[in-house]
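Examination of the molecular architecture
Here is what each chain is made of, one letter per residue.
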Number of protein chains: 2
Amino acid sequence: MKQLLSAILLCALSLTASAQFGPARQQQDLPGKPSLWNIRGRQYPRVLPDSRVIFRIQAPNAQKVQIDLGKRYDMQKGEDGVWTCTTDPQTEGFHYYFLYIDGVQVADPNSESFYGCSMMSSGLEIPYDASKADRFAFKDVPHGDVHRKRYFSHVDNAWKTMYVYTPPMYDQEKGDYPVLYLQHGGGEDERGWNQQGLTDIILDNLIAEGKAVPMIIAMLDGNTRDFTAELTQEGIPFVEKNFRAKKGMENRGLAGLSMGGIHTLNTLIARPDLVSYVGIFSSGWFKNNGGPGAADSDKNYGVLREKKDIYNKNIKKMWLSMGGQEDIAYENCKEMRRRFDEIGIKYDYYEYPGGHTWPVWRESIYQFAQMIFK
Amino acid sequence: MKQLLSAILLCALSLTASAQFGPARQQQDLPGKPSLWNIRGRQYPRVLPDSRVIFRIQAPNAQKVQIDLGKRYDMQKGEDGVWTCTTDPQTEGFHYYFLYIDGVQVADPNSESFYGCSMMSSGLEIPYDASKADRFAFKDVPHGDVHRKRYFSHVDNAWKTMYVYTPPMYDQEKGDYPVLYLQHGGGEDERGWNQQGLTDIILDNLIAEGKAVPMIIAMLDGNTRDFTAELTQEGIPFVEKNFRAKKGMENRGLAGLSMGGIHTLNTLIARPDLVSYVGIFSSGWFKNNGGPGAADSDKNYGVLREKKDIYNKNIKKMWLSMGGQEDIAYENCKEMRRRFDEIGIKYDYYEYPGGHTWPVWRESIYQFAQMIFK
């Protein structure tokens, strides 16, 4: 009884304090604003106007507390047992982060969690500047739908999940739509583009402005024994059976970030006739330097050389994006571009500063979605 | 380059170790089996055949580590810096749990996270015994769809999310379906029934067996200024506009657990003509003992008394379930039943041991879904 009462009162209190209900309820005396991904009612982390971030956590009995945002920040303990720190300015968009409590890497209880880095990570959102905010904003435009579909994969011998975005008007209209298959990176899964990536929001906004063709986007789990088999034997047949999907390679795209880019490239090698639109974000086959995968890279370039004319005919757009020189995949991609140039494979290349991070991948889908199925 | 290599290798290693790909890859030398909600590849927590659970966490620099499963368990530190504990036997189904590291409550990095207890919690799944496992299993039956829908709530002046389950064949058939509005508890949100509750799986299995009528289930965020307004001004109009929903009270149900049960009851008071099927799980108005809400309870019973005949005519099924006497809402519900009896409000009552927990609420939706729209 007392517990139930407490639970309900706690909930009511948390609602009162919540930033969900607009500026009137925000705590105006605190610096900056709560991050978009804070748990409802949690005031920290807070993003300052110059994009530095204040973190705060109560841990009177801990000996050492750190924030890991790629760079680790030691937090300072106050007399009240509350640890705080203020970071350097962060780049705009989504960032994974972690808390280290006496050396144990955990998600921050102040944040929503996202599957990334092979565990449930915390997420920080730095607001975009005025020139870009509109792309990623929840706006009063027609909204599509994201379907969670469960299916049994015979490739992996397991029940799996895919997310499928259908565009606004999909339910009202009767036509068929082209399909982009969009893959996450290593340590992520089918949730990546759907949550961290804000894919539905980006597409809804692009479609509303007439900048992208209405399309279906299927987000599969790339953690599989054999991605090409999973895509061609399970993913594509499932989508084409359960959604009004246009068929044929000219109505299919395949794109992926990091590991998903490698999956995309490997699928191209196995199936030159599968898709006409290809996006490789922050990725590239391993550089031929004797490291793992180098022999495969050479074999792959051999296939491209042998079937160059088929690839250049089938692929209407091959688009490579990179998070600048600070992207850990930069050298791999640079070498791949050199080999593409040498062989004569056509592609476009785009750089956007930010490294190997989600802001770059959101920008990538924003750009790529405007180029395909046209 | 090295980092990318490491990330991909790490991912490959994690896949190799993963329990996702069937028994062949499981570590057969460890006791018990990994919990269903472990992050892919994580071997702990492990559930023993007698439903005790072994937890394990590496924390060489921590001074005190505990597991909180309702009861707190002190973990023991080994010489390798790994802390372990083995719990008492747990009841079957889903349980929230937390890790305390030197006093800080966090989610266990070994587990998926679920929004509950007003933060991202860890989840533990104890396998059901043979008589019930079938209800909650991923099976080769036709599967429905869960839609994530974003909408702007004028009640809360904010973008919100609802999840909407549509039954198998919804896309193939042209008919309309009845709608159950199904609400989470305090400290949870629209994700509760969709994730912890396995609602789509339960319904898919019931519908396949012909035990439940194919229905739409809408799961709204009950963290709102005014639930009745949110439901009637936003939720119902949105669902009836965007889905093939049958209209009229005889085609609508409303059910909720704990706080969601209170929301359901309060909506009944405001709108006796809204729904014909009512489920109240682990809930009840506050007992009239001078505590908060007592005056409202008396007022509510007054309305029921005044409109008794209308309620008994409009409501085809009023179903109360309770997690036994150990449920923290037991006394509230007992008093409510006494008042219903006294007034002459018709209802059915069902007890299922387990307390104020998700196993009870999964059982509740399993039972309730079979009674409605028939």
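Here is what the cut-offs are and how they apply
- Residues numbered from 1 in each chain as written.
- Chains lettered and ligands numbered in written order.
- Predicted model: local features only at pLDDT ≥ 70, side-chain atom pairs only at ≥ 80, totals over all residues.
- Heavy atoms only, no water.
- Helix = DSSP H or I, 4+ residues; strand = E, 2+ residues; numbered from the N terminus.
- Rg over C-alpha atoms; globule rule 2.2 N^0.38 Å.
- Buried < 20%, exposed > 50% of the residue type's maximum accessible area, 1.4 Å probe, protein only.
- Contact = heavy atoms within 4.5 Å.
- Areas by Shrake-Rupley, 256 points an atom, 1.4 Å probe, with all protein chains shown as cover.
- Lys, Arg positive; Asp, Glu negative; His and termini not counted.
- Charge placed at Lys NZ, Arg CZ, Asp CG, Glu CD.
- Buried area = accessible area lost by both parts, 1.4 Å probe.
- Salt bridge = Lys/Arg side-chain N within 4 Å of Asp/Glu carboxyl O.
- Nonpolar A, V, L, I, M, F, W, Y, C, P; charged D, E, K, R; others polar.
- Pairing = 2+ DSSP bridges.
- Least-squares fit on C-alpha atoms with pLDDT ≥ 70 in both.
- Phe/Tyr/Trp six-rings, centres within 6.5 Å; stacked < 30°, edge-to-face > 60°.
- Domains from an automatic or database assignment.
- Polar contact = N/O pair within 3.5 Å; in protein donor to acceptor, adjacent residues only side chain to side chain.
- pLDDT = per-residue confidence, 0-100.
- Axes fitted to C-alpha atoms, helices over the stretch in contact; angles between N-to-C directions.
- Parallel < 35°, antiparallel > 145°, perpendicular 65-115°, else oblique.
- Left-handed = near helix turned anticlockwise from the far one by under 90°.

This next bit is on the overall build of chain A. On a plain count of helices and strands, chain A comes out with nine helices and 19 strands. Here the C-alpha radius of gyration of chain A, 22 Å, is about what a compact globule of 374 residues would show, namely 21 Å. Its C-alpha atoms give chain A principal-axis dimensions of about 70 × 55 × 45 Å. Expressed as a percentage of the 374 residues in chain A, the buried residues total 63%. Across chain A, every contact between residues at least 6 apart in sequence was considered, and the portion connecting residues at least 24 apart equals 68%. For chain A, the accessible area works out to roughly 14,300 Å², and carbon and sulfur atoms hold 49% of it. Of note, chain A has its 44 positive side-chain charges centred 2 Å away from the centre of its 46 negative side-chain charges.

Another aspect to go through is the interface of chain A and chain B. Counting residues at the interface gives 70 residues for chain A and 70 residues for chain B. Summing the contributions of chain A and of chain B, the shared interface buries around 6,400 Å²; its carbon and sulfur component is 57%. At the boundary of chain A with chain B, the tally comes to 12 salt bridges. Residue Glu112(B) pairs with Arg191(A) through a salt bridge whose shortest N-O separation is 2.7 Å. When contributions to the side of chain A that touches chain B are tallied by element, the ones reaching two or more residues are helix H1 (2-17), strand S3 (53-58), strand S9 (104-106), strand S10 (113-116), strand S11 (119-126), strand S12 (145-153), strand S13 (158-166) and helix H3 (199-208) of chain A. For the side of chain A that touches chain B, the per-class residue count stands at 29 nonpolar, 22 polar and 19 charged. Sheet analysis places S12(A) next to strand S12 (residues 145-153) of chain B, joined by three bridges and oriented antiparallel. Its bridge partner being in S12(B), Arg148(A) is matched across the sheet by Val146(B).

If you rotate chain A by 180 degrees and push it 0.0 Å along the axis, it lands on chain B with an RMSD of 0.0 Å. Put plainly, the chains are arranged around a two-fold axis. Among all residues of chain A, the minimum C-alpha distance to the rotation axis is found for His147(A), at 2.3 Å.

Of all 11 residues in helix H9 (residues 358-368) of chain A, 11 are buried; the element is thus mostly enclosed. Within H9(A), burial applies to Trp358(A), Pro359(A), Val360(A), Trp361(A), Arg362(A), Glu363(A), Ser364(A), Ile365(A), Tyr366(A), Gln367(A) and Phe368(A).

This paragraph deals with the packing of aromatic side chains. Applying the stated criterion across every chain yields a total of 42 aromatic pairs over all chains. For the ring pair Phe281(A) and Phe368(A), a centre distance of 5.8 Å and an interplane angle of 75 degrees mean the geometry is edge-to-face. Taken together, the positions of Phe281(A) in strand S17 (residues 277-281) and Phe368(A) in helix H9 put the pair 87 residues apart, joining distant regions of the chain. Like Phe281(A), the residue Phe368(A) is buried in the burial classification. Ring plane angle 80 degrees and centroid distance 5.3 Å describe the contact between Trp358(B) and Trp361(B), whose orientation is recorded as edge-to-face. One end of the pair is Trp358(B) and the other is Trp361(B), both in helix H9 (residues 358-368) and three residues apart, which spans about a single turn. For Trp358(B), a relative accessible area of 1% puts it in the buried group.

Another point: the domain arrangement of chain A. Residue and element names in this part refer to chain A. Assigned domains within chain A: domain 1 (27-127) and domain 2 (133-369). Once you take the C-alpha centre of each, domain 1 and domain 2 turn out to be 31 Å apart. Buried area between domain 1 and domain 2, both sides added, is near 1,100 Å², and the carbon and sulfur share of it is 55%. The largest contributions to the domain 1 side of the interface with domain 2 come from Phe94, Tyr96 and Tyr115, which together make up 47% of the buried area. Run the count over domain 1 and domain 2 and you get one salt bridge. Note that Arg362 and Glu125 form a salt bridge whose closest N and O atoms lie 2.7 Å from each other. Summed over the shared surface of domain 1 and domain 2, the result is seven residue pairs in polar contact (both at pLDDT 80 or more).

A word on the pattern of salt bridges. One pass over the structure, following the stated rule, counts 51 salt bridges over all chains. Asp88(A) is the salt-bridge partner of Lys71(A), the closest N and O atoms lying 2.7 Å from each other. With a gap of 17 residues between them, Lys71(A) in strand S5 (residues 71-74) and Asp88(A) in the loop between strand S7 (82-86) and strand S8 (93-101) connect regions that are remote in the sequence. Look at Asp88(A) and you get partly exposed, because its relative accessible area is 33%. Across the pair Lys317(B) and Asp348(B) runs a salt bridge whose closest N-O atoms are separated by 2.7 Å. Linking Lys317(B) in strand S18 (residues 317-322) with Asp348(B) in strand S19 (residues 348-351), this pair joins segments that are 31 residues apart in sequence. The exposure class assigned to Asp348(B) is partly exposed, which follows from its relative accessible area of 34%. Because the salt bridges share partners, they merge into one network encompassing Arg40(A), Glu112(A), Asp156(B), Lys160(B), Asp189(B), Arg191(B) and Asp221(B).

With that out of the way, let us pick up the confidence of the model for chain A. Any segment with low pLDDT has predicted coordinates that should not be analysed in fine detail. Mean pLDDT for chain A: 92, with 91% of residues reaching 70 or above. Across residues 1-25 of chain A, confidence stays below pLDDT 50; counting only partners more than four residues off in sequence or on other chains, it has 42 contacts.

Another aspect to go through is the packing of H3(A) against H9(A). Residue and element names in this part refer to chain A. Where H3 contacts H9, the two axes come as close as 10 Å, and the packing angle between them is 30 degrees. Considering their axes alone, H3 and H9 lie roughly parallel with respect to each other. Remark: the crossing between H3 and H9 carries right-handed chirality. The residues of H9 that touch H3, namely those facing Ile202, Leu203 and Leu206, are Arg362, Ile365 and Tyr366. Residues that form the contact of H3 with H9 fall into these classes: five nonpolar, no polar and one charged.

Turning our attention to the side chain of Arg191(B). In this structure, Arg191(B) sits in the loop between strand S14 (179-183) and helix H3 (199-208). Those residues within four positions of Arg191(B) in sequence are excluded, and the remaining contacts are Glu112(A), Tyr115(B), Met120(B), Tyr163(B) and Gln196(B).

The next subject is the sheet that holds strand S2 (residues 46-47) of chain B. All names here are of chain B. Reading across from one edge, S1-S2-S3-S7-S6 is the order of the five strands in this open sheet, with antiparallel pairing throughout. What marks the edges here is a single partner per strand, and that holds for strand S1 (33-34) and strand S6 (76-77). Pairing of S1 with S2, which is carried by two bridges, proceeds in the antiparallel orientation. Among the inter-strand pairings, Lys33 is bridged to a residue of S2, identified as Val47.

Here we take up the side chain of Ser111(B). As for its position among the elements, Ser111(B) is in the loop between strand S9 (104-106) and strand S10 (113-116). For Ser111(B), a relative accessible area of 1% puts it in the buried group. Of note is the side chain of Ser111(B), whose polar atom sits 3.1 Å from the backbone nitrogen of Gly123(B). Excluding residues that lie within four positions of it along the chain, Ser111(B) makes contacts with Met120(A), Trp37(B), Asn38(B), Ile39(B), Tyr97(B), Ser122(B) and Gly123(B).

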